[in-house]
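# Structural overview for review
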Amino acid sequence: MKAKKQQSECSIEQMIAGLKEQLVGLGYRPATIMRYDAVWNKFVEYCARNEINTFTVEVEQQFVWERYGSQLGDEDTSHNVNRAMMMLDDFQRYGAVYGRSKSRIKEFSEDYKEVFEGFLENLRRDNVATGSIKTWKSRLLRFEHFLIENDIKTFDELELRHINSYIESLTGFSVETAAATVRILCKLFDYAAQNGYHQINYSEKVIRIKNTKKYRLPNVLTPDEVENVLKVIDRNNPLGKRNYVMISLVAKLGLRISDAVNLKLENIDWINKKISIVQKKTGKPLELPLPEDIGWAIIDYLQNGRPKSALCANFYH
């Protein structure tokens, strides 16, 4: 509790400095820390510009939304952004880093491997999609790390207070991601109890996160509503030009956000007026016509809104 109090009393700059010092001690490569530091520097600038002196979950969520146009924790948010802000949240709350990069750790420890791998294999037998299995594994890796850091050496030592503490650590994630993680854990607890890995089934005892849709945007917009959204975008600045292209690709062509973000020049056939991609979520090829208005919007962004760089093949860098 003392460490947590000290972190809460630190300035944002001091907290980031302490986090970087811990990452060095954990053996993170300098290049990796520099990538995260680029995000933190933008966060410090954002806080200074808005006269924010205290780090809160609401502040980091608003920063990611305003700076990157996405929600913290969402799949379509840059991994470096998600990772940097989640580590900062963990460090502020607990004085330690609980999340782990997928690129650094890809397998479970020996003490947890049997129950977690058995759980994932059970999902495969139930024909759960490969992409979903990958997502579930990454979230279980984070859960495992949290348990190990809290000196819970084996799964059968798990208590309800540990689970609820972990769920509290998800505060920095979007509501959708946190709710999905809790659902995954509940399925894990069902499996563990049924297969003798724990005497208690915690699936009905954990804190529940309501993924309310009360204030969410409608899932479907009419063509007129789409046009109204596009009309209010200020295309006299680079951000507006980018947003106009992104919304057009998603709303008019039906591209997933992840596919729109990863669209590259090589995906566009200007002569035949079509876009050809391999979808990120399904891995399946997709070919779409390129309407003239979207084509000109892309050209406008490339010529007048995109940063000048010979190294960036991706539109939105």
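Please read all numbers here as calculations on a predicted model, not as lab measurements.

Cut-offs and rules
- Residue numbers restart at each chain and count upward from 1, following the sequence in its written direction.
- Given that this is a predicted model, residues contribute local features only at a pLDDT of at least 70 and side-chain atom pairs are listed and counted only at 80 or more, while totals for whole chains, interfaces and linings are drawn from all residues.
- Note: side-chain values were computed over all heavy atoms of the structure, leaving out hydrogens and water.
- Fitted lines through C-alpha atoms serve as axes, helices being fitted only where they are in contact, and the angles separating the N-to-C directions of these axes extend from 0 to 180 degrees.
- Strands here are runs of E lasting at least two residues and helices are runs of H or I lasting at least four, both read from the DSSP assignment and numbered beginning at the N terminus.
- Our angle categories are set so that under 35 degrees counts as roughly parallel, over 145 as roughly antiparallel, 65 to 115 as roughly perpendicular, and the remainder as oblique.
- Contacts are assigned to residue pairs with any non-hydrogen atoms lying within 4.5 Å of each other.
- Charged means Asp, Glu, Lys or Arg here, nonpolar means Ala, Val, Leu, Ile, Met, Phe, Trp, Tyr, Cys or Pro, and polar covers whatever is left, Gly included.
- Pairing of aromatic rings covers Phe, Tyr and Trp, the last counted by its six-membered ring, and requires centre-to-centre distances within 6.5 Å; plane angles under 30 degrees mean stacked, over 60 mean edge-to-face, and any other angle means tilted.
- With a 1.4 Å probe rolled over the protein chains alone, any residue whose accessible area is under 20% of its type maximum counts as buried; one over 50% counts as exposed, and the rest are partly exposed.
- In these notes, a set of buried Ala, Val, Leu, Ile, Met, Phe, Trp, Tyr and Cys residues joined through side-chain atoms within 4.5 Å is what counts as a nonpolar core.
- Salt bridges, as used here, are contacts in which a Lys or Arg side-chain nitrogen is within 4 Å of a carboxyl oxygen on Asp or Glu.
- Confidence of the prediction at every residue is given by pLDDT, a number between 0 and 100.

Before going further, it helps to examine the packing of helix 6 (residues 110-125) against helix 9 (residues 175-194). In contact at an axis separation of 10 Å, helix 6 and helix 9 are set at 105 degrees when each is read in the N-to-C sense. With respect to their mutual orientation, helix 6 and helix 9 come out roughly perpendicular. Together, Val115, Phe116, Gly118, Phe119 and Asn122 of helix 6 and Ile184, Lys187, Leu188, Tyr191 and Ala192 of helix 9 make up the contact between the two elements. Here the residues of the contact of helix 6 with helix 9 are counted per class, giving seven nonpolar, two polar and one charged.

Here we take up the packing of aromatic side chains. Taken as a whole and assessed by the stated rule, the structure comprises 13 aromatic pairs. With a centroid separation of 6.2 Å and an interplanar angle of 50 degrees, the aromatic rings of Tyr36 and Trp40 are classed as tilted. Of this pair, Tyr36 and Trp40 both sit in helix 3 (residues 30-49), separated by four residues, roughly a single helical turn. Summarising the burial analysis for this pair, Tyr36 and Trp40 share the class buried. Between Phe146 and Tyr166, the ring centres sit 5.1 Å apart and the planes meet at 65 degrees, which makes this aromatic pair edge-to-face.

Attention shifts here to the nonpolar core. A general trend in soluble globular proteins is that nonpolar side chains are found buried together. Counting residues in each nonpolar core, the largest one holds 32 residues, and the members touching the most others are Phe116, Phe119, Leu140, Phe143, Phe155, Leu188 and Phe189. Mapped by element, the contributors of at least two residues to this core are helix 6, helix 7 (130-149), helix 8 (160-168) and helix 9. Tallying contributions element by element places helix 9 first for this core, with nine residues. In this view, Leu140 contacts Phe108, Phe116, Phe119, Leu120, Ile184, Leu185 and Leu188; residues no more than four positions away in its chain are not counted. Trp40, Val44, Ala84 and Met87 belong to the second-largest nonpolar core, a separate cluster that totals 27 residues.

On to helix 8, then. Of the positions making up helix 8, those classed as buried are His162, Ile163, Asn164, Tyr166 and Ile167. Check the buried side of helix 8 and you find it contacts helix 7 and helix 9.

This part is about the environment of Met246. Relative to the helices and strands, Met246 is located in helix 11 (residues 238-253). On the basis of relative accessibility, which here comes to 15%, the residue Met246 falls in the buried class.

This part is about the pattern of salt bridges. Inspection of the entire model under this criterion finds 11 salt bridges. Two residues, Lys274 and Glu287, come together in a salt bridge whose shortest N-O distance is 3.5 Å. With Lys274 in strand 2 (residues 274-278) and Glu287 in strand 3 (residues 285-289), this residue pair connects regions lying 13 residues apart in the sequence. Glu287 gets classed as exposed once you look at its relative accessible area, which sits at 52%. Put simply, Glu227, Lys252 and Asp293 are held in one network by salt bridges that share partners.

Below, the discussion takes up the confidence of the model for the protein. Of all residues in the protein, 83% have pLDDT values of 70 or greater, and the mean over the chain is 81. Mean pLDDT per element in the protein: helix 1 (residues 2-9) is the minimum at 46, and strand 1 (residues 268-269) is the maximum at 94. Predicted confidence for residues 1-7 stays below pLDDT 50, and this span has six contacts to residues more than four positions away or in other chains. Taken as a whole, residues 99-105 scores under 50 in pLDDT and shows 19 contacts with residues more than four places along the chain or in a different chain.

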